[in-house]
Amino acid sequence: EKGGYDYFMLKEIVEQPQAVADTLLGRVAVDGTLTLDEMRLAPSELREIEKIVIIACGTSYHAGLIAKYAIEHWCRVPCEVEVASEFRYRDPILNRQTMVIAISQSGESMDTLMAVRYAREQRARVLAICNVNGSTIPRESDGVLYTHAGPEVGVAATKTFLTQLVACYLIGLYLAQVRNTKFGDEINAVIEQLANMPEQVERVLGTVGPVRDLARSLADSGTVLFLGRHVGYPVALEGALKLKELAYMHAEAFAAGELKHGPIALIEDGLPVVVVVPSREGRGVLHDKIVSNIQEIRARGARTIVIAEEGDESVRPFADELIEIPAVPTLLQPIVSSIPMQVFACELALAKGNDVDQPRNLAKSVTVE
Ligand code: F6R
């Protein structure tokens, strides 16, 4: 049942090219037209949307944070992202022109379900992104986009995270098409690249071998920090969460621009810091800023573990360890940059002798509030 792998988590990491292909299946036509039937929201309704609110927990929340960057850029619709357990306790402003997107792998997280019920009471239109067919959250929502990643047994979300990202991108791109935003050419180019993601994911999996040795060499570290910018920031948050839940290690993520506002004081000799470098395409300024951040922390003794695009020579002199990922459009980079994070956390946890499929104190589906 583990398909020859020792752990479900390893199997599920390797299944990601297929999972991503399955999320895309039947939804992207060769001419770039998107079909999202189960959304059950008519184009006329989608044109009326004035605000999007994404609610989710844990890893699904990180997918939501990434979606915000894509949706606001492509669709020019204000988009908020909130942890589901906080959402309904602060009197959020919702109405018929609000689209709430609830992201939940299991479709059963009680916090997310309660937020969905609250949103519907306030007359918002609710769209679910879920992996488990017929689960409670999609049943109680107006529409659904299933991720079709197949069953995920490991407690840590891996393939379902990547496919949630794909589902979020599909929604953002579809909204942009329906609302006819001025980014037509960019949208078409991104759709083409999105359709190509299964191959890119496959390529990353082929190159992460050295990440395993690196992870094992860090098994005795007390803390690991993660830095990112733009969509790389939620990827850093996700990398830190994976390390906490699997390796039971202290891990924290920061937006790299925040370093100078406090966290840089944490840097000391030998401290491992994982940095996600933004793609050079379209975000050149951020790219150069993060390269300076890497120099700054390295000068203070950090052991820099840099995740950057292939051929990005500018980071090489400051990277103690360099993990290369394929160059893809900026907004899609999390699909490829998250994978080394998964392998890193999984391998570190295994080096510590932890059960990666059943980490202590955690459940796959959190059905209590
Ligand atoms: C992390 C993880 C959890 C879940 C969270 C939400 O690897 O699995 O953080 O992401 O409990 O679960 P769902 O998506 O089922 O609502």
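Each remark here, short or long, concerns the structure printed above.
Residues numbered from 1 in each chain as written. Predicted model: local features only at pLDDT ≥ 70, side-chain atom pairs only at ≥ 80, totals over all residues. Heavy atoms only, no water.

### Quick word on the site of the ligand
Stage number 1. As a matter of local geometry, the ligand sits amid 13 residues, with Ser60, Ser104, Ser106, Ser109 and Glu245 nearest to it.
Stage number 2. Between the ligand and the protein, one listed contact pairs an oxygen atom with a side-chain N or O atom of serine 104 at 2.6 Å.
Stage number 3. Within the side chain of lysine 242, a nitrogen or oxygen atom sits 2.8 Å from an oxygen atom of the ligand.
Stage number 4. Compared with its free state, where it exposes 410 Å², the ligand has 88% of that area covered by protein.
Stage number 5. A molecule is said to occupy a pocket when more than half its atoms come within 2 Å of that pocket's grid points, and by this definition the ligand occupies the largest pocket.
Stage number 6. The element contributing the most residues to the shell around the ligand is helix α4 (residues 58-75), with 3 residues. (Near = heavy atom within 4 Å. Polar contact = N/O pair within 3.5 Å; in protein donor to acceptor, adjacent residues only side chain to side chain. Areas by Shrake-Rupley, 256 points an atom, 1.4 Å probe, with all protein chains shown as cover. 1 Å grid on protein atoms, 1.4 Å probe; cavity = no way out; pocket = protein on both sides within 12 Å on 5 of 7 lines; lining within 4 Å. Sits in = over half its atoms within 2 Å of the grid points. Helix = DSSP H or I, 4+ residues; strand = E, 2+ residues; numbered from the N terminus.)

### Focus: the layout of surface pockets
Stage number 1. Taken as a whole, the largest pocket holds about 550 Å³ of empty space.
Stage number 2. Forming the boundary of the largest pocket are 25 residues, of which Cys57, Gly58, Thr59, Lys364 and Val366 lie nearest the centre.
Stage number 3. Within the residue set of the lining of the largest pocket, elements represented by two or more residues are α4, β3 (98-104), α6 (110-121) and α12 (232-247).
Stage number 4. By residue number, the principal contributor to the lining of the largest pocket is α12, which donates 4 residues.
Stage number 5. Of the residues assigned to the lining of the largest pocket, the class counts are 10 nonpolar, 9 polar and 6 charged. (Points joined across faces, edges and corners; volume = space filled by probe spheres on them. Nonpolar A, V, L, I, M, F, W, Y, C, P; charged D, E, K, R; others polar.)

### Some points on the nonpolar core
Stage number 1. Ile52, Trp74, Met99, Phe226, Leu243 and Phe344 are the most contacted members of the largest nonpolar core, which has 95 residues in total.
Stage number 2. Counting residues per element, this core draws most heavily on helix α8 (residues 159-179), at 14 residues. (Core = buried A, V, L, I, M, F, W, Y, C linked by side-chain atoms within 4.5 Å. Buried < 20%, exposed > 50% of the residue type's maximum accessible area, 1.4 Å probe, protein only.)

### Describing the environment of isoleucine 101
Stage number 1. Tracing the sequence through the fold places isoleucine 101 in strand β3.
Stage number 2. Taking the relative accessible area as the measure of exposure, isoleucine 101 reaches 2% and is therefore buried.
Stage number 3. Counting along the chain gives 47 residues from isoleucine 101 to isoleucine 54, while the straight-line C-alpha distance between them is 4.7 Å.
Stage number 4. Ignoring anything within four residues of it in the chain, the contact list for isoleucine 101 reads Ile52, Val53, Ile54, Ile55, Ile71, Leu127, Ile129 and Ile171. (Contact = heavy atoms within 4.5 Å.)

### Points about the packing of α8 against helix α9 (residues 184-195)
Stage number 1. The geometry of α8 relative to α9 is characterised by a closest axis approach of 11 Å and an angle of 155 degrees between their N-to-C directions. When the axis of α8 is compared with that of α9, the two are roughly antiparallel. Helix-helix and strand crossings are classified by hand; for α8 and α9 the assignment is left-handed. Residue-level inspection shows Tyr169, Leu170, Leu173, Ala176 and Gln177 of α8 in contact with α9, the latter providing Ile187, Asn188, Val190, Ile191 and Leu194. (Axes fitted to C-alpha atoms, helices over the stretch in contact; angles between N-to-C directions. Parallel < 35°, antiparallel > 145°, perpendicular 65-115°, else oblique. Left-handed = near helix turned anticlockwise from the far one by under 90°.)

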